[in-house]
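Structure at a glance
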Amino acid sequence: MAGRAGRQVLMMMDELHASPSPSSSSPSSRSSSREPVNAFLALAAEEDDLSSSSSSSSSPSPSATPRAPVVSDAKREEDIDEILAELGVELTERAGASPREPSPFDIDRRALDPSVELKRIFGADVAREVEQQQGGGVAEAELAGASRRVRRLAARGRIVRQALRPGILVKPRSSWPAFSTPGLVLRATGVTAGEGKRMYEMVASDWYEEAEEMYEEAQSTYDPRNVMGVLQLHPWHGGSLLAMADLHRSTGDGAYADELVERFIYAMERGWPPAGTLFGSNVFVPFAGYNKLLFVGMMRHVQVLGRRGLHRTALECLKLLYSMNEEDPVGVLACIDFYALRASAHAWLRSMSRSVTQASTMPNIVYSLALASVLERRQGDVGVEEEGITDDEMVKALMMHPAALVRMQEKLGDLDVRLVEWGEVLATPFFAESTGRLANNPTLRKLIDIFVERSHVLWKSPHVQGCMLRAAERVVSLVNASEEMQRESLPMGLSILEWQSVGAGAFPEGAEDAYVHLKVSDFSDAVAAINPEELQAMQGGEDDAEELMMAMAAEMAAGAAGGGRAAPDDLGDAGPLAAFLRTLLPWVHAGVAPTSGDEDDSDDQGA
């Protein structure tokens, strides 16, 4: 139903448009037929009882005023609801309905803009300078083959391209290709059974279907030039943008890889429904078809924001991604704690863990809650006498998932960060035997590996290590104690065995891997770069390897920009080196390529 205020305005408009009787000749009626009617001013005048003070003036007969057709309230409300349903807009307040309870995943639209956090961290001047650097003029690739006069005019700034419409998640750069029609459009397709959420699906346009066929053929050749050719013809094709972003990152060009990811996000956002439609709890985007590309690209965008230090914006994007599909097909809950800690959103992290049932037992969440408590105490006024206290949250995390501590210390040990004092604690049966139980628990093992790979940088400070060591020593000291003593000493009056049962009950042994489609490498900032020494060994000469690497980088930069031409050199003439490069191409698992849990499939195909 439309709101009460809307119905009052519509009724007042009918009353104002209705013609008075011919016998009426009051000054107020004559003046009303002369001046334009404003329903909102008339409604305000009626509420303030000011209608009696209207001035008199001469006017033509009011019979000339046309009579508007009378429409019933029920018909008006039905028409409004149909329009809102087509737009996918949900009214936040309906007549007779109580307001919805706030959720931790409510979206702050302003926080989705990276420039807002950039201004908050570095100031408006730095943010403005970054925008100017990203703006620039006409791209060099677009001037390829242009006459000398055109180049001269472009250098003087006399040639100005039409600016792209700004988005919510990404501000377009002036060097990007022109954008005409979205290739993928997110449209409402129905409602879900039970909860009644509105479902959305990415629908491809004709030109995108054509580009997708070309992209699939280019994938089968494992030749980067073919993918660049697709991007030359269709510079806003999503799969090609993500594939070339991966390839640029593997060759060390991280800046241009980030720009390609931003172009992908901009292309997806241009096909979204009206602003604000997706920023609610009544939305469901299934992980199927072209929708998969949206989820994968959004996770890449989150990684780009994290590398730039914009963790608050990354957190908001993850909230948006999870609100689209609470089944969490891309592992948002497996990494959202990292960005919450980076953004100092400790209170939000606690609220989220209470609202999402499965999150309260996930190893990364329980350990991050403990770390949040340590960081908050560290930021406050901590006296010397309080430095030795142990955190109950840390003790709970160690008892529920002791294997996560062992894996974390192994990772930090590889980085020469681990303290010497950990040897005796980790040698106890309670911790030493915990990793062996992960062999029959692939889901828990995957979550712990993702947690360690994503968040180990937060746990390497001496202060955090000291707090975790004291908590581990407290657990070890109570392992052989009586159950009664454990209940008296441990949080919530539970014994160690009971706390272990909480973690084991959430992730039972022998169950199938619920996150088999996730890869640990997708949550890491480490890049699998092509090693020039390996290229030299295969090619037989350092100069040839470096020249080939430079040729590939130049060719990709010219082709992926949407203008210019690819280099004429054929990588197929490089012999075994070309075959080696093709096995490393990233789009084997990018975009809509076949998704397989076995990471060795790409090697088998390229052999």
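The structure presented is a predicted model; accordingly, all values stated were derived computationally and were not measured.

**Concerning the overall build of the protein chain**
- Scanning the protein chain for helices and strands turns up 28 helices and three strands.
- With 607 residues in all, the protein chain has 43% of them scored as buried.
- When the accessible area of the protein chain is evaluated, it comes to approximately 30900 Å², of which 51% is carbon and sulfur surface.

**Thoughts on the sheet that holds strand β1 (residues 184–191)**
- Here three strands make up an open sheet; going across it, the order is β1-β2-β3 and the pairing mixed. Either end of the sheet is taken by a strand with one partner, and the two such strands are β1 and β3 (283–284).

**Observations concerning a nonpolar patch on the surface**
- A cluster of nonpolar side chains, I121, F122 and V126, forms an exposed patch at the surface whose accessible area comes to about 250 Å².
- If you trace the backbone, F122 turns up in helix α5 (residues 114–122).

**Points about the nonpolar core**
- Judged by nonpolar contacts, the single largest core of 128 residues is most densely connected at W272, I336, W348, M352, Y367, L405 and W459.
- Examining the composition of this core, we find that nine residues originate from one element, helix α11 (residues 254–269), more than from any other.

**Looking at the packing of aromatic side chains**
- Under the criterion given, the structure shown has 15 aromatic pairs.
- Each ring, one from F451 and one from W459, has its centre 6.2 Å from the other, and the planes form 85°; the classification is edge-to-face.
- Residue W459 is classed as buried on the basis of its relative accessible area of 1%.
- Taken together, W176, F179, W236 and Y266 form an aromatic cluster joined through their ring pairs.
- One cation-aromatic arrangement involves R263 over W236; the distance from NZ or CZ to the ring centre is 5.3 Å.
- Across the ring face of F338, the terminal group of R454 is positioned such that the distance to the ring centre comes to 4.2 Å.

**Some words on the pattern of salt bridges**
- Per the counting criterion, the structure on display carries 22 salt bridges.
- The residue E262 makes a salt bridge to R173 at a minimum N-O spacing of 3.2 Å. With E262 in helix α11 and R173 in the loop between α7 (148–155) and β1, this pair connects stretches of sequence that are 89 residues apart.
- For E262, a relative accessible area of 8% corresponds to the buried category.
- For D513, the salt bridge goes to K446, with nearest N and O atoms at 3.5 Å. Here D513, found in the loop between α24 (496–506) and α25 (532–539), pairs with K446, found in helix α21 (residues 442–455); they are 67 residues apart in sequence, far enough to count as distant.
- The network of salt bridges with common partners includes R173, E259, E262 and R308.

Definitions and cut-offs
- Residues numbered from 1 in each chain as written.
- Predicted model: local features only at pLDDT ≥ 70, side-chain atom pairs only at ≥ 80, totals over all residues.
- Heavy atoms only, no water.
- Helix = DSSP H or I, 4+ residues; strand = E, 2+ residues; numbered from the N terminus.
- Buried < 20%, exposed > 50% of the residue type's maximum accessible area, 1.4 Å probe, protein only.
- Areas by Shrake-Rupley, 256 points an atom, 1.4 Å probe, with all protein chains shown as cover.
- Pairing = 2+ DSSP bridges.
- Patch = residues over 30% accessible without salt bridge, like charges linked within 9 Å, V, L, I, M, F, W, Y side chains within 5 Å.
- Salt bridge = Lys/Arg side-chain N within 4 Å of Asp/Glu carboxyl O.
- Core = buried A, V, L, I, M, F, W, Y, C linked by side-chain atoms within 4.5 Å.
- Phe/Tyr/Trp six-rings, centres within 6.5 Å; stacked < 30°, edge-to-face > 60°.
- Lys NZ or Arg CZ within 6 Å of the ring centre and 35° of its normal.

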